[in-house]
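Topology and contacts: notes
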Amino acid sequence: MSDHEHEHHEELSFWRKYVFSTDHKVIGIQYTVTALFFLFFGFCLMMLMRWQLAFPGKALPIIGALFGADRMPDGIMLPEFYNQLGAMHGTIMVFMGVVPLAVGGFGNFVVPLQIGAPDMTFPRLNMLSYWCYFVGGVIMFASFFVPGGAAQSGWTSYPPLSDIAPSGQTWWLMGMMALIFSSLLGAINFITTIIQLRAPGLTFFRFPFFVWAQFVTSFLLLLAFPPLQAASFFQLMDRVFGTSFFMPEGLVISGQLSEATGGGSPILWQHLFWFLAHPEVYVLILPALGIVAEVIANNTRRPLWGYKSMVYSLIFLGFMSFIVWAHHMFLTGMGSAMSAFFQTTTMIISIPSVIILTALILSLWGGSIRFTTPMLFALAFLPMFGIGGLTGLPLGLASTDIHLHDTYYVIGHFHYVVAPGTLFAMFAGIYYWYPKATGRKMSDFLGKLHFWPSLIFMNGIFMPMMIQGLAGMQRRLYDGGEIYAHTQTALHWHKVISISAWGLALAQIPFIINFFASLRKPKTAGDNPWHSTTLEWAAPSPPPHGNFTELPTVYRAAYEYSHPDHDEDYLPQFQADAQAKPAAATP
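Because the structure is predicted, anything quoted here is derived from the model rather than measured.

**Let's talk about helix H11 (residues 336-362)**
An α-helical turn contains 3.6 residues, so a residue and the one three or four places further along point in the same direction. The terminal C-alpha atoms of H11, which comprises 27 residues, lie 39 Å apart, in line with the 39 Å expected from a rise of 1.5 Å per residue. Against the buried residues of H11 lie helix H8 (209-241), helix H9 (266-300), helix H10 (307-320), helix H12 (373-392) and helix H13 (398-404).

Take a look at the structure:
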């Protein structure tokens, strides 16, 4: 550490050190804890919905009466409250749960360590990014307590319904604008940090795959979020000032011509929303792929198979994610020529995903596999993400999408990518980097007790949704489709799904116990408990201010496992030997 850094390392108060911190590690932990809270909250909303779907019209025992007569009179859920739960579940899990955990949590904590940086390039901007996220989350949370309740127009907030919805939708828009601003600040910071603050010798193709994943993800956030920021502002203007950006001419509401109608286009919102929301899917996936790559390389004790092809696929996937958005809009009447274009690009974007997934599977071949808790979650990610990807192909074809659009099949497909897919990768990352953040390892027994029931119940939730969707059961039905004749054969699956969901909730108890109980253990994990090769393990555990006791130098590629010329089965990037020379820190 330089004298200059020592000069500026003053003793900080509790508030400066842990609350309004500019240290990327503390901010990463703040993001992680806050995102885990919102994931828990969003999961609880889903649990309420599952009761209504399994037992429509029946009172929720014990806690049902606590929600008030305007939401659940006599414990029986009203349709409006069900719509609020559905809209906020999707919003919270995506924008306040998985993305902040994947990018704000893991990205903030791990990326500077993996590139040998003392901190992010703009520490105060980093702090502002977290607090914008926190404020956006509080606004979303508070919207449940305003007159009319929270937003109830779906997590996509399609107008004109969202333009005329109760006041909770206005809060949703303000919260979303704060969350988007947070992501833009974070994206700028990540891109600058990765380019400018690399350790000596760390060329681009010596990056760990996780750094590449966060690098591409940052570009997606930076380029895709501004259209939704603009769209949210336009919809806010429609609601507050009576403009007509999304209000069509001649709109009739409750039998009366609306005075606020103009020449607006509801389809314009869909274009602006999905131009963000499809790259957003890859914002969820790419960090997860990066985490899984780190865990698999470490626990197979061999380099990643096809590292460069994985990197090129990652970059191509990021580029292609911007020209597939309208496959969500086949039913808007865009015409056969445009439908053909977007279904073609959708088929093309599946290719880099398959390359990365195949490379990860091939990396297992011939490896000396250690079935640690993070490895179990990483291994489960592979088939779960594969199922999610394969089930998405019929939705990307205009002809099959006619039948499957807005059915439970869509929910099953998306959740296979995000829940047993991305969230399993997040759990793998928590178990893997917990020793670096705390100096302690989590219990392997409790970790496996967390993993196996989670794997079983995840499939118990989402696989039946595929069956329901193929039967034509529409989503967002407050009674689960009970009034429709064509869905009667699939209704019993709601009980199976709900029981699995409650089982999944119980399966998280070992994780919660493990997470907090492990903090009370002595710091015995050591600086490199997994015998890993990447640069973050050169820092003490937990890392001090400035991360490294001395500036590390990189001598080789990221995954030098089972090297034939080395006695140990791992050769860290930061360990010098007689034959290794650092390269210049240029691409």
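More follows now that the structure is in view.
**Some thoughts on H9**
An ideal rise of 1.5 Å per residue puts 51 Å on 35 residues; H9 measures up with 51 Å between its terminal C-alpha atoms. When the local axis directions of H9 are compared, the greatest deviation, roughly 30°, occurs at tryptophan 274. Extensive coverage of H9 is indicated by the burial of 31 of its 35 residues. Arginine 301 occupies a position one or two residues after H9 and carries a positive phi of about 60°.

**Quick word on unusual backbone geometry**
The amide bond that connects proline 159 to the next residue, proline 160, takes the cis arrangement and shows omega of 5°. By secondary structure assignment, the location of proline 160 is in the loop between helix H5 (123-142) and helix H6 (161-164). Cis geometry is adopted by the peptide bond preceding proline 542, which originates at serine 541 and carries an omega value of -5°. Mapped onto the elements of the fold, proline 542 is located in the segment after helix H17 (509-517).

**Things to note about the pattern of salt bridges**
Overall, the coordinates contain five salt bridges when judged by the stated rule. Between lysine 25 and aspartate 23 there is a salt bridge, with the nearest N and O atoms lying 3.0 Å from each other. Close ionic contact of arginine 475 with aspartate 406 constitutes a salt bridge, the shortest N to O distance being 2.8 Å. Of the two residues, arginine 475 is situated in the loop between helix H15 (444-470) and helix H16 (493-507) and aspartate 406 in the loop between H13 and helix H14 (408-438); the sequence distance between them amounts to 69 residues. For aspartate 406, a relative accessible area of 27% gives the class partly exposed.

**Quick word on the packing of aromatic side chains**
Inspection of every chain in the model, using the stated rule, returns 58 aromatic pairs. Ring centres 5.5 Å apart and planes at 70° place the aromatic pair tryptophan 155 and phenylalanine 273 in the edge-to-face group. In this pair, tryptophan 155 is assigned in the loop between H5 and H6 and phenylalanine 273 in helix H9, connecting sequence segments 118 residues apart. This pair shows no difference in class: tryptophan 155 is buried, exactly as phenylalanine 273 is. Ring pairs connect the aromatic residues Phe377, Phe424, Phe427, Tyr431, Tyr434, Phe451, Trp452, Phe511, Phe515 and Phe516, which therefore count as one cluster. It is lysine 308 that lies over the ring of phenylalanine 205; its NZ or CZ is 5.1 Å from the centre.

**A closer look at the environment of isoleucine 285**
Within the element layout of this structure, isoleucine 285 appears in helix H9. Look at isoleucine 285 and you get buried, because its relative accessible area is 5%. Taking C-alpha positions, isoleucine 285 is 9.6 Å from leucine 423, a pair spaced 138 residues apart along the chain. Leave out the neighbours within four places in its chain, and isoleucine 285 touches Phe385, Val417 and Thr422.

**Brief notes about the side chain of histidine 450**
The residue histidine 450 is located in helix H15 in this model. With residues up to four places along the chain from it excluded, the contact list for histidine 450 reads Phe377, Phe427, Tyr431, Ala507, Gln508, Pro510 and Phe511.

**Here's the deal with a nonpolar patch on the surface**
Together, Phe316, Phe319, Ile348, Ile351 and Ile355 give the surface a local cluster of nonpolar side chains, amounting to about 440 Å² of exposed area. Sorting the residues of the nonpolar patch by element identifies H10 and H11 as the ones contributing at least two each. Ranked by residues supplied to the nonpolar patch, first place goes to H11 with three residues. Residue position: phenylalanine 316 is located in helix H10. Taking the relative accessible area as the measure of exposure, phenylalanine 316 reaches 35% and is therefore partly exposed.

**Brief notes about the environment of tyrosine 431**
Of note, tyrosine 431 is situated in helix H14. Tyrosine 431 gets classed as buried once you look at its relative accessible area, which sits at 3%. Separated by twelve residues in the primary sequence, tyrosine 431 and serine 443 place their C-alpha atoms 9.2 Å from one another.

**Observations regarding the nonpolar core**
One finds Met88, Phe207, Phe209, Leu286, Leu289 and Leu360 to be the most contacted residues of the largest nonpolar core, which totals 173 residues. If you tally residues by element for this core, the top one is H9, at 20 residues. Dropping the residues within four chain positions of it, leucine 289 is found in contact with Phe209, Ile356, Leu360, Phe381 and Phe385.

Calculation rules
- Residues numbered from 1 in each chain as written.
- Predicted model: local features only at pLDDT ≥ 70, side-chain atom pairs only at ≥ 80, totals over all residues.
- Heavy atoms only, no water.
- Helix = DSSP H or I, 4+ residues; strand = E, 2+ residues; numbered from the N terminus.
- Expected span 1.5 Å × (residues − 1).
- Contact = heavy atoms within 4.5 Å.
- Bend = angle between axes of the 7 residues up to and from the residue.
- Buried < 20%, exposed > 50% of the residue type's maximum accessible area, 1.4 Å probe, protein only.
- Salt bridge = Lys/Arg side-chain N within 4 Å of Asp/Glu carboxyl O.
- Phe/Tyr/Trp six-rings, centres within 6.5 Å; stacked < 30°, edge-to-face > 60°.
- Lys NZ or Arg CZ within 6 Å of the ring centre and 35° of its normal.
- Patch = residues over 30% accessible without salt bridge, like charges linked within 9 Å, V, L, I, M, F, W, Y side chains within 5 Å.
- Areas by Shrake-Rupley, 256 points an atom, 1.4 Å probe, with all protein chains shown as cover.
- Core = buried A, V, L, I, M, F, W, Y, C linked by side-chain atoms within 4.5 Å.

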